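Okay, here's what each chain looks like letter by letter:
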Amino acid sequence: LTAKTFVIATGSRPAVPRLPGIDATPYLTNETVFNLREPVPALIVIGAGPIGSEMAQAFRRLGSEFTVVDVAPQILPREDADLAAVVWKQLGAEGVRYHLGASILGFEGRKGDVRVTVRTADGAATVLAGSHLLLAAGRVANVEGLGLDAARVQQDQGRIVVEDGLRTTNRHIYVIGD
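Residues numbered from 1 in each chain as written. Predicted model: local features only at pLDDT ≥ 70, side-chain atom pairs only at ≥ 80, totals over all residues. Heavy atoms only, no water.

**Focus on the side chain of Thr67**
Then step 1. On the secondary structure map, Thr67 appears in strand β4 (residues 65-70).
Then step 2. Other than its neighbours up to four places away in sequence, Thr67 contacts Leu43, Ile44, Val45, Arg97, His99 and Leu128. (Helix = DSSP H or I, 4+ residues; strand = E, 2+ residues; numbered from the N terminus. Contact = heavy atoms within 4.5 Å.)

**Side note on helix α1 (residues 50-61)**
Each full turn of the α-helix corresponds to 3.6 residues, which orients residues three or four apart in the same direction.
Then step 1. Here α1 spans 17 Å end to end across 12 residues, near enough to the 16 Å set by a 1.5 Å rise per residue.
Then step 2. For α1, the set of buried residues is Gly52, Ser53, Met55, Ala56 and Phe59. Buried residues of α1 fall within an arc of 165° about the axis and therefore sit on the same side. Away from its buried face, by an angle of more than 90 degrees, α1 presents the exposed residues Pro50, Glu54 and Arg61.
Then step 3. Buried residues belonging to α1 abut β3 (42-46), β4, α2 (81-93) and β9 (132-135). (Expected span 1.5 Å × (residues − 1). Buried < 20%, exposed > 50% of the residue type's maximum accessible area, 1.4 Å probe, protein only. Arc of directions from axis to C-beta.)

**Observations regarding the pattern of salt bridges**
Then step 1. On inspection of all chains with the given rule, the structure shows seven salt bridges.
Then step 2. Here Arg13 makes a salt bridge to Glu144, at a shortest N to O gap of 2.9 Å. One end of the pair, Arg13, is in strand β2 (residues 12-14); the other, Glu144, is in the loop between β10 (139-141) and β11 (155-156), with 131 residues separating them in the sequence.
Then step 3. Judged by its relative accessible area of 30%, Arg13 is partly exposed.
Then step 4. A salt bridge links Arg139 to Glu31, with the shortest nitrogen-to-oxygen separation between them at 3.3 Å. (Salt bridge = Lys/Arg side-chain N within 4 Å of Asp/Glu carboxyl O.)

**Describing the side chain of His132**
Then step 1. Tracing the sequence through the fold places His132 in strand β9.
Then step 2. At 2.8 Å, the side chain of His132 forms a polar contact with the side chain of Ser131.
Then step 3. In this structure His132 touches Leu28, Leu36, Glu38, Pro39, Val40, Pro41, Ala42, Leu43, Ile44 and Val114, once residues within four positions along its chain are discounted. (Polar contact = N/O pair within 3.5 Å; in protein donor to acceptor, adjacent residues only side chain to side chain.)

**Overview of the nonpolar core**
Then step 1. Grouped together as the largest cluster of nonpolar side chains are 21 residues, with contacts concentrated most on Phe59, Phe66, Val68 and Ile75.
Then step 2. Mapped onto this core, the elements with two or more residues apiece are β3, α1, β4, α2 and β5 (97-100).
Then step 3. Counting residues per element, this core draws most heavily on α1, which supplies three residues.
Then step 4. For Val68, the residues in contact, after removing those within four places along its chain, are Val45, Gly47, Ala48, Ala56, Val96, Arg97, Tyr98 and His99.
Then step 5. Among the nonpolar cores identified, the runner-up in size contains 13 residues, and Ile22, Ala102, Val114 and Val116 belong to it. (Core = buried A, V, L, I, M, F, W, Y, C linked by side-chain atoms within 4.5 Å.)

Below, the structure is given as structure tokens:
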């Protein structure tokens, strides 16, 4: 392929943390959660960012028990702290439970019965039980197999390095999207 300018717009997919037991534990993502056709009595979500917070409020208002786990010490960790505090207060008032500043030790379970073992901020190991698990721990760029090295496009931990505007390290290649 030849052109004066190229644009990479390959999108992203949900990040799946590489933690013990995740491969054998059924989980949902923001792309699969809307395919549910059964009741969700108790949902555990990994990630207190925008997706986890939005799903917390939606499922809680639909009657699900909801527990959010995140390594960050606050919800919406990339947002303004004052804004995050308003959302925190509202979701807490609606009954969303949080384990913030926690590390995940492992996952186990089967459909309808999942367990997440976490080390809470105070150092205690706790097992959280739920009917469903939702992974909302960020996104991963779809860049595999593009030959970016051959095109002299630098990456940093799976993300394309962006210079001026949306230009990559190859001045003829731009990137847009997630």
